[in-house]
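# Descriptive analysis of the structure
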Amino acid sequence: MTGIYIHIPFCASKCGYCAFYSVTDTSDIPQYLDALETEIQKRTNSVKEKADTVYIGGGTPSVLPRGSIARVIKKLRECFLIVQSASVTVEANPDSCCGAFARECADSGVNRISLGLQSHSPSILKAAGRRHSADDFLRAVQHIKEAGIQDVAADLITGFANQTVQSVCQSINFLAELDAIKHISLYALTAEEGTPLYKTGFVPNADLQADMYAAGVKLLERLGYMRYEVSNFAKRGFESKHNKKYWSGEPYYGFGAGAHSFIRTPQNNPYVAERIENHSDLSVYNSGKFIKSRYPLTRDDRTKEIIMLSLRTREGLNFAQLTAETGYDLLHDKFGEISKLQDVGAVTVQDGCLRVANDYYYILDTILVKLLF
């Protein structure tokens, strides 16, 4: 079954580190929602595909006027057959996740909300340009629980100025004490080109980030959050079903400004799949020009993607599945490189799968270079 991603590009303010497409002028929301419905209708036509995940992200979906989430999900149900067991996630910021928003989500069939905490420390939140406090986060979680949604995810970021290993662990403990928090993402801050943070010249301390990450991983696993992907940890059974589609190569539609799609092509097509990128300029998107570009994927393209994405996960890379889909025998072609990585403990080969060892995820890029080139 397919997945569905909806991008909401509106925020109350722009965080200095954020590289996702977003705007702070909310006056275009009515026109945007009209364009979004048009895109969904136009790209699905009369074919109602089955979907088992919906993810409404941003941006900040919780800044939308009340009724907007219900409207978007209603349109999706008109154009897709969303199965009863589907995972339906909406992102929110703590300062805009009010009771009315949580109730609207619950009434619309949302069963998972992802909250951006980033840190529970007031000084770090200020440095990050966040609008909320730890108390705002607690209130948001309470609103979500009162609405009947028991599955809450939270994000943390490491690498801010004056952040320490201790403060990262304190934020993890802060989250773990809340029974609703079933999923925690632990990201490393990057100063991406074009962001306000990049323009300041700030560069996170990579060694300190590595220490934060290592300590965070150990604490999360000790607290019962199992790592199933490089930066994602969950209580058993509460992994993000939608995000797992990205790493496992399952198809998904992306609707909205700046959204991306991954569509499988028919077997007789010379290309095995296609990635689609939407326009990220709001004025262009609202004018009805939705798709910016299409990227057909050859078997070689898909081979590299499978290797890069699957090695991010706990399941790892299944050699037989890679060969069946692309015809490439990685174990044969890169036997020497894989053996050297095994010798230093960076990877394991077991049950027909190649997996990155727990303590080596932080140098995943280095491992990939040895396997891809």
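So, a few notes on the structure that sits alongside this text. (Residues numbered from 1 in each chain as written. Predicted model: local features only at pLDDT ≥ 70, side-chain atom pairs only at ≥ 80, totals over all residues. Heavy atoms only, no water.)

### Digging into the overall build of the chain
- Helix and strand counts for the chain stand at 15 helices and 15 strands.
- Its C-alpha radius of gyration of 21 Å places the chain within 12% of the 21 Å reference for a compact globule of 373 residues.
- The principal-axis extent of the C-alpha atoms belonging to the chain is close to 55 × 55 × 40 Å.
- Considering the chain as a whole, with its 373 residues, one finds that 51% of them fall into the buried category.
- Residue pairs in contact within the chain that sit at least 24 positions apart in sequence constitute 68% of those at least 6 positions apart.
- Per element, the accessible surface of the chain, about 17,200 Å² overall, is 51% carbon and sulfur.
- With 41 positive and 42 negative side-chain charges, the chain shows a separation of 3 Å between the mean positions of the two kinds. (Helix = DSSP H or I, 4+ residues; strand = E, 2+ residues; numbered from the N terminus. Rg over C-alpha atoms; globule rule 2.2 N^0.38 Å. Buried < 20%, exposed > 50% of the residue type's maximum accessible area, 1.4 Å probe, protein only. Contact = heavy atoms within 4.5 Å. Areas by Shrake-Rupley, 256 points an atom, 1.4 Å probe, with all protein chains shown as cover. Lys, Arg positive; Asp, Glu negative; His and termini not counted. Charge placed at Lys NZ, Arg CZ, Asp CG, Glu CD.)

### Side note on helix α6 (residues 165–176)
- With 12 residues, α6 should reach 16 Å at 1.5 Å per residue; the first-to-last C-alpha distance of 17 Å fits that figure.
- For α6, the set of buried residues is Ser 167, Val 168, Cys 169, Ser 171, Ile 172, Phe 174 and Leu 175.
- Where α6 is buried, its residues touch β4 (112–118), α4 (122–128), α5 (134–146), β5 (152–158), β6 (181–188) and α8 (206–222). (Expected span 1.5 Å × (residues − 1).)

### Here's the deal with the pairing of strand β11 (residues 273–278)
- The buried fraction of β11 is high, at six of six residues.
- Of the two faces of β11, the one carrying Ala 273, Arg 275 and Glu 277 and the one carrying Glu 274, Ile 276 and Asn 278 are both buried.
- Bridge count between strand β10 (residues 260–264) and β11: five bridges; the pairing is antiparallel. For Phe 262, the partnering residue across the bridge sits in β11 and is Arg 275.
- Bridge analysis of β11 against strand β12 (residues 291–297) gives six bridges, and the strand direction is antiparallel. Within the sheet, the bridge partner assigned to Ala 273 lies in β12 and is Leu 297. (Pairing = 2+ DSSP bridges.)

### As for helix α12 (residues 319–326)
- Burial in α12 covers these residues: Phe 319, Leu 322 and Thr 326. Taken end-on, α12 shows its buried residues confined to a sector of 65°, consistent with a single buried face. Among the exposed residues of α12, those oriented more than 90 degrees off its buried face are Ala 320, Gln 321 and Ala 324.
- Looking at the buried side of α12, the elements it contacts are α11 (299–310), β13 (317–318), α13 (330–333), α14 (335–343), β14 (347–350) and β15 (353–356).
- One side-chain oxygen at the N-terminal end of α12 lies 3.0 Å from the backbone nitrogen of Ala 320; it belongs to Asn 318.
- Directly beyond the C-terminal end of α12, a positive phi value near 85° is found at Gly 327. (Arc of directions from axis to C-beta. Polar contact = N/O pair within 3.5 Å; in protein donor to acceptor, adjacent residues only side chain to side chain.)

### Structural notes on the packing of α11 against α12
- Where α11 contacts α12, the axes come no closer than 10 Å and their chain directions differ by 160°. By the angle between their directions, the pair α11 and α12 is classed as roughly antiparallel. For the pair α11 and α12, the sense of crossing is right-handed. Of the residues in α12, those in contact with Arg 299, Arg 302, Thr 303, Ile 306 and Ile 307 of α11 are Leu 322, Glu 325 and Thr 326.
- Considering only residue class, the contact of α11 with α12 consists of three nonpolar, two polar and three charged. (Axes fitted to C-alpha atoms, helices over the stretch in contact; angles between N-to-C directions. Parallel < 35°, antiparallel > 145°, perpendicular 65-115°, else oblique. Left-handed = near helix turned anticlockwise from the far one by under 90°. Nonpolar A, V, L, I, M, F, W, Y, C, P; charged D, E, K, R; others polar.)

### Some words on the pairing of strand β3 (residues 81–92)
- Bridging between strand β2 (residues 50–58) and β3 involves six bridges; their strand directions are parallel. By the bridge assignment for β3, Ala 51 is matched with Ile 82.
- Handedness of the β-α-β unit built from β2, helix α2 (residues 68–79) and β3 comes out right-handed.
- Sheet topology note: the β3/β4 ladder contains four bridges and is parallel. From the neighbouring strand, Val 90 faces β4, where its bridge partner is Ile 113. (Right-handed = clockwise from strand over helix to strand, strands pointing away.)

### Structural notes on the sheet that holds β15
- On the basis of which strands lie adjacent, the open sheet formed by three strands has the order β13-β15-β14 and antiparallel pairing. A strand with exactly one partner marks an edge of an open sheet, and here the two such strands are β13 and β14.
- Where β13 lies against β15, two bridges are found, and the strand directions are antiparallel. Residue pairing in the sheet places Asn 318 in a bridge with Cys 353 of β15.

Geometry only, nothing functional implied.
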